[in-house]
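Topology and contacts: notes
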Amino acid sequence: KIMSETEDQQLEGFVGDLHRDFILKKAIEKKERFEYWATQHMRVSGIYWGMTALDTLNHLSDMEDLSKVAQFVLSCQNEDGGFGGNVGLDSHLLYTLSAIQVLYMVDGVDGINLDGLVEWVASLQNDDGSFSGDKWGETDTRFSYCAVSSLSLLKRIDAINTEKAIDFILRCQNFDGAFGVNPGAESHAGQTFCCIGTLAILDATDQIDVDNLGWWLSERQVNDGGLNGRPEKLADVCYSWWVLSSLACIGKLHWIDKQKLIDWIHKCQDYETGGISDKPQNVSDIYHTCFGITGLSLLGEEGFAQVNPKYCMTNNTLAKYGL
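Keep in mind the model is a prediction, meaning the values are calculated, not measured. (Residues numbered from 1 in each chain as written. Predicted model: local features only at pLDDT ≥ 70, side-chain atom pairs only at ≥ 80, totals over all residues. Heavy atoms only, no water.)

So, on to the overall build of the protein chain. Of regular secondary structure, the protein chain possesses 15 helices and two strands. Looking at the protein chain as a whole, 56% of its 323 residues qualify as buried. For the protein chain, the share of sequence-separated contacts (at least 6 apart) that also reach a separation of at least 24 residues comes to 67%. As presented, the protein chain carries roughly 14300 Å² of accessible surface, and 48% of it is formed by carbon and sulfur atoms. (Helix = DSSP H or I, 4+ residues; strand = E, 2+ residues; numbered from the N terminus. Buried < 20%, exposed > 50% of the residue type's maximum accessible area, 1.4 Å probe, protein only. Contact = heavy atoms within 4.5 Å. Areas by Shrake-Rupley, 256 points an atom, 1.4 Å probe, with all protein chains shown as cover.)

Written as C-alpha cells, this is what we have:
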C-alpha cells in the first residue's frame, strides 16, 4: 500500500500474522501467475526463505503436510549428489545449501544420498581453497560459505581442506576490513557475511581484525536507520540480515542503532497483505520478508525464535540435530 506521511506515522509495530498469511499464500501460488514461472529455477531457495521466516515466527507448523515439502526437495537431488533449484535442473551449491536447510526444518535429512552429496561438494574445492559453484567452474565467496555450511550441517566438514578454505577467505579481505567475491574484489556486505560466516563455522574469526571490520559494517547504517550493502548505496531490508549477522559473529551487534533499524524494517511492511519489501512502500516478496524477519530476531524483537547468525536457521531447529 502507498501511504501518505500521516498514515505512515499511524502505523507502528510488527504485523506477524499478516506475514504468516502472506507466506502461506505464496506456498500455494497459482501456476498461471508470471511470478511462479519467473522463479521456478530457484524454487528450493524460495521454499527455504518462506520456511525460515515461518520458523522464526514460530509458525512453521502452520504449513500443511511438511512431508510433501521433503518429498519435493529430495526429488531435486541429482545423480552427481548435488541439488538443483528445481526438479531436473543442474546441481549448484546455492541450492544444495537451501535444500539441506529445508530438510532440516521438515525432518527429511535421512532421505539424502549423503555420501554422494559430500563427495560432490568436496569435488568443487579448488587448489587455492576456493569453491566452484558447480561443474562450470565459477568461483565466489558465496560458494565457499555454501560448501562449508552444508558440510558443517551434515557433520562432514572433514571432507574438505579447511585450512585452504580459510586461507582463501582471508585473501578476499580488503584494507577496509570487509570482503569481496574474490581476492581484490570490491567490499560488499553480502560477501562479507559469506566470509565471516565461513570463518565463524570454522572457528577462525580470531584471524581477522574484528574492530576494523566492525567499523565498516556499522558504517552501513544510513540516516533513516536502514542498512546498505556498500558505501553511497540506498538501504535495503536484506542487509538487515547480511550486516547484522556479520556483526553478531564478531560480537559487535551493539555498534549500530538497533531501534532505528527496527523502526525502519517496520516501515517496509505491507500493512494490508503482509510481507516485507526491500524499501518502504515497495512491493513485498518472500526474500525480503525472510531477511527482514531474521534481522528482527537478531535485534531481539519479542516473540521471535532465536536465529543462529552463522547458519540463518533457528536455534530450535539446529538443536534437534545437536548443533
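This part covers the packing of aromatic side chains. As enumerated under the stated definition, the model contains eight aromatic pairs in all. With a centroid separation of 4.1 Å and 45° between ring planes, the pair formed by Y104 and Y321 is classed as tilted. A residue pair is termed long-range when its members are at least 10 positions apart, and Y104 in helix α6 (residues 93–105) and Y321 in the segment after α15 (315–319) qualify at 217 residues. The buried category is assigned to Y104, whose relative accessible area is 2%. Taken together, a centroid distance of 5.3 Å and an interplanar angle of 50° make the contact between F193 and W242 tilted. You can see F193 sitting in helix α10 (residues 189–201) and its partner W242 sitting in helix α12 (residues 239–249), a full 49 residues away along the chain. The pair F193 / W242 is uniform in exposure class, with both members buried. An aromatic cluster is defined as three or more aromatic residues linked by ring pairs; in this entry it consists of W49, Y145, F193, W241, W242, Y287 and F291. Positioned above the aromatic ring of W216, the side-chain terminus of R220 is 4.6 Å from the ring centre. (Phe/Tyr/Trp six-rings, centres within 6.5 Å; stacked < 30°, edge-to-face > 60°. Lys NZ or Arg CZ within 6 Å of the ring centre and 35° of its normal.)

Of note, K252 is situated in the loop between α12 and α13 (258–267). A residue is classified by how much of its surface remains accessible, and K252, at 14% relative accessible area, is buried. Those residues within four positions of K252 in sequence are excluded, and the remaining contacts are V210, D211 and L247.

Right, let's talk about unusual backbone geometry for a bit. Positive phi is not limited to glycine here, since K155 has a value of about 60°. Assignment of secondary structure puts K155 in the loop between α8 (141–153) and α9 (162–171). Even without being glycine, C312 reaches a positive phi, approximately 50°. On the secondary structure map, C312 appears in the loop between β1 (307–308) and β2 (313–314).

What follows deals with the environment of I208. Summarising the element assignment, I208 is placed in the loop between α10 and α11 (210–218). Looking at I208, the relative accessible area reads 10%, which means it is buried.

This next bit is on the packing of α12 against helix α14 (residues 286–298). The contact between α12 and α14 brings their axes to 7 Å, and the two run at 35°. Judged by the twist between their axes, the crossing of α12 over α14 is left-handed. Across the interface between the two elements, S240, W241, W242, L244 and S245 of α12 pack against Y287, F291, T294, G295 and L298 of α14. For the contact of α12 with α14, a count of residues per class yields six nonpolar, four polar and no charged. (Axes fitted to C-alpha atoms, helices over the stretch in contact; angles between N-to-C directions. Left-handed = near helix turned anticlockwise from the far one by under 90°. Nonpolar A, V, L, I, M, F, W, Y, C, P; charged D, E, K, R; others polar.)

Before going further, it helps to examine the pattern of salt bridges. Scanning the entire structure with this criterion turns up nine salt bridges. A salt bridge links R20 to D21; its shortest N-O distance comes to 3.1 Å. You can call D21 partly exposed: its relative accessible area is 32%. A salt bridge links D140 to R142, with the nearest nitrogen and oxygen atoms 2.9 Å apart. Taken together, the salt bridges that share partners define one network made up of D17, R20 and D21. (Salt bridge = Lys/Arg side-chain N within 4 Å of Asp/Glu carboxyl O.)

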